[in-house]
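Residue-level listing of the chains:
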Amino acid sequence: MAQPQLSQTFNAPQTSTYQRGYDYDLVIVGGGIVGLTLASALKDSGLSVLLVEAKVESAAVAKGQAYAVHMLSALIYQGIGIWDKILPNIETYRRVRLSDGDYPGVVEWETGDINAQDLGYVGEHQALLHPLQEFVKDCSHVTYLCPAEVVNIQYQQDVVTIEMKFADQMQTVRTKLVVAADGSRSRIRQAAGIKTHGWKYWQSCIVAFVKPEKSHNNTAYEKFQSSGPFAILPLPGNRCRIVWTAPHEEAKALCALDDQQFLAELQARYGNQMGKLELLGDRFIFQVQLMQSDRYVLHRLALVGDAAHNCHPVGGQGLNLGIRDVAALAQVLQDAHAKGEDIGNIQILKHYERWRKRENLTILGFTDLLDRMFSNNILPIVVVRRLALWIMRRVPVVKIFSLKLMIGLKGRVPKLAQQ
Ligand SMILES: Cc1cc2nc3c(=O)[nH]c(=O)nc-3n(C[C@H](O)[C@H](O)[C@H](O)COP(=O)(O)OP(=O)(O)OC[C@H]3O[C@@H](n4cnc5c(N)ncnc54)[C@H](O)[C@@H]3O)c2cc1C
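Cut-off values and rules
Along each chain, the written sequence defines residue order, and numbers are assigned to residues from 1. Residues qualify for local features only when their pLDDT is at least 70, as the model is predicted, and side-chain atom pairs are given and counted only at 80 or more; totals for whole chains, interfaces and linings, by contrast, use all residues. Excluded from the side-chain calculations are hydrogens and water; all other atoms, namely the structure's heavy atoms, are used. Numbering goes from the N terminus for both helices and strands, where a helix is a DSSP run of H or I of at least four residues and a strand is a run of E of at least two. Under the convention used throughout, the expected extent of a helix is 1.5 Å for every residue step, that is, one less than its residue count. In this analysis the local bend is the angle between axes fitted, respectively, to the seven residues ending at and the seven residues starting at the residue. Counted as a polar contact is a pair of N or O atoms within 3.5 Å, where, for protein atoms, one must be capable of donating a hydrogen and the other of accepting one, and residues adjacent in sequence contribute only when both atoms are in side chains. Each residue is assigned to one of three classes by its accessible area relative to the maximum for its type, calculated with a 1.4 Å probe on protein chains only: buried under 20%, partly exposed between the two thresholds, exposed over 50%. Residue contacts are counted whenever heavy atoms from the two residues lie within 4.5 Å of one another. Grouping buried Ala, Val, Leu, Ile, Met, Phe, Trp, Tyr and Cys residues that are joined through side-chain atoms within 4.5 Å yields what is termed a nonpolar core.

Visitor: Please set out helix α11 (residues 346–374) residue by residue, giving values where relevant.
Guide: Residues separated by three or four positions in an α-helix point in the same direction, a consequence of the helix having 3.6 residues per turn. Taking 1.5 Å as the rise per residue, α11 with 29 residues should run 42 Å; its terminal C-alpha atoms sit 41 Å apart, in good agreement. Along its length, α11 reaches its greatest deviation from straightness, about 25°, at Glu353. A distance of 2.8 Å separates the backbone nitrogen of Gln347 from a side-chain oxygen at the start of α11, and that oxygen is part of Asn345.

Printed below as a string of C-alpha cells:
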C-alpha cells in the first residue's frame, strides 16, 4: 500500500486562530484542480488552510483527462502567480471553428476578433494539477494532507468539527468553514442535505488522444453532428484530444471496436484536414449530466466546482466554472477576513452564492441548448440553428459576444484576474 504523503506537518498552526479554538480557518475537502486552486488563491489572505485529498498524490495526478482552459482561467492563474509553471506544458489555440454537419457555413473565430494573442489553452490533467500541488507545498498557510479521508463532520453555530483518517489514525480538527471541492458525487454536499436538480444526458462522451500526420495549427474544432458534438482540441507535441459525444449505446459500441475499426470511424468524423491519425493510448467513456445544487452555501459550508454544478462537456466549460467559483470565493473570504468578519457566517458566504450561482446557470443553460439544438436532424430546428450560425458569421457583435461567453470573458471578473 502506498505510504501517505504529508507535505507539511500535521500540527495546528500557532496562530491567533488556533488560540481562539480553531485549528484552521478553513478546511478544503478535495485536492482536485478546483480544491488546489482555492488553496493557492488564498496565499495572501492571512487565512490558514487545511487541504484534504483522499487519493495518493501520484494517483490524483494520473487522470487521463485534458481540459480546454479559458482566457479568464488563465488570468486567474496569472493573478495567483502560477501561470508561468503551467503554460510551458499546455497548448495554445488561436482559432476556433464551429461547424454543423456538412453545412458549408462554418463560423471561425481568430485572435484578431478580440485583439488577443491567444483564444485559449488545452492542458492535460497532470499539466495543471502537478504545478498546483507543488505550489501549495510551498505555501506556509496551507497544510496539505494526502491521502486522508474525512469520516465525520459536525456543524455547530461557531465551529465545525471534522474527524478524518490519516496515516491509519483518527484526527480531529476544528475550523470556521468547510469548502466541498470533492467532485460531482460530493459526500460533503449529500451529508449536509443539499438537494440538486438536473438530468442525465442520453449521450456519453468518448475521450481519446491522437497524433495527426499534419499540424493541428493551434485550432480548436467543435463539429456538431446529429449524434452529438465532436470536439478536437490541440495539445503539445502536435497531439489532439477528442471529445466525441454519442447516444449511450452507440458510444459503448464505438468504444468496443478494435483500434483499427475505431480509428476508421474516428477519421470519418474528424475529416482529412490533418491527414492520417495515430491513436495514442486508451480511450475513455464518460456519462454526462447537468446538475445544479439548490444551495451553494450553508452556515459554515460552501460548495465549489463539480460539487456545486456539472454541465455537458460541449464548449469545455466545467472546470473553468470551478476555477471561477474559487476565484470568487477566495475574494469574498479575503475581504471578510480583512474586515475581521467571520468567514463561515452564512451572510458572508451568500455573497459568493449570489455571484456564482446565476452565472453558472447561464452557462449550464447555454451548453444544454447547444447540445439539444445541434444533436438532431429535425428540419425546423436545423433551419433555426443554421440561421443562428449565419447571424453569428455576419453580425460581428453577435460573433464577438458568443466568443466572449465561451471563453469566460462575460460576467463579473474576480480581482485575481485583474492584476
Ligand atoms: C468528457 C469530459 C470532458 C470534459 N472537458 C472539459 C474541458 O475541456 N474543460 C473544462 O473546463 N471542463 C471539462 N470537463 C469537466 C471537468 O472534468 C470537471 O468540471 C472538473 O474535473 C471538476 O474538477 P473538481 O476539482 O471540481 O472535481 P474532481 O476533479 O472530481 O476532484 C475532486 C477531488 O476530490 C477528491 N475527493 C473526493 N471525495 C473526497 C473526500 N471525501 N475526502 C477527500 N478528498 C475527496 C477526489 O479524490 C478528487 O481528487 C469535462 C468533463 C467530461 C466528463
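There's plenty left to go through after this.
Visitor: With reference to specific residues and values, describe unusual backbone geometry.
Guide: A cis amide bond, omega 0°, links Cys146 with the succeeding residue Pro147. The residue Pro147 is located in the loop between β9 (142–146) and β10 (148–155) in this model. Even without a glycine there, the phi angle at Arg300 is positive, about 75°. Relative to the helices and strands, Arg300 is located in the loop between β18 (297–298) and β19 (301–303). The exposure class assigned to Arg300 is buried, which follows from its relative accessible area of 1%.

Visitor: Before we move on, can you summarise the environment of Gln225 with the specific residues and values?
Guide: The topology assignment puts Gln225 in strand β14 (residues 219–225). C-alpha separation for the pair Gln225 and Gly101, spaced 124 residues apart in sequence, amounts to 5.2 Å. Excluding its chain neighbours within four sequence positions, the residues that come into contact with Gln225 are Phe230, Arg269, Phe374 and Ser375.

Visitor: Break down the nonpolar core for me, with residues and values.
Guide: If you look at the biggest cluster of nonpolar residues, it comprises 119 residues, and the most contacted ones within it are Leu26, Ile28, Tyr77, Trp109, Ile162, Leu329 and Tyr352. In terms of residues, this core owes the most to one element, helix α10 (residues 318–338), which gives 11 residues. When sequence neighbours within four positions are dropped, the list of residues in contact with Leu26 reads Leu42, Leu47, Ser48, Val49, Leu50, Thr175, Leu177, Val179, Leu333 and Ile343. Ala208, Val210, Trp244 and Leu277 belong to the second largest nonpolar core, which has 19 residues in total.

Scope: geometric values only; no functional claims are made or implied.
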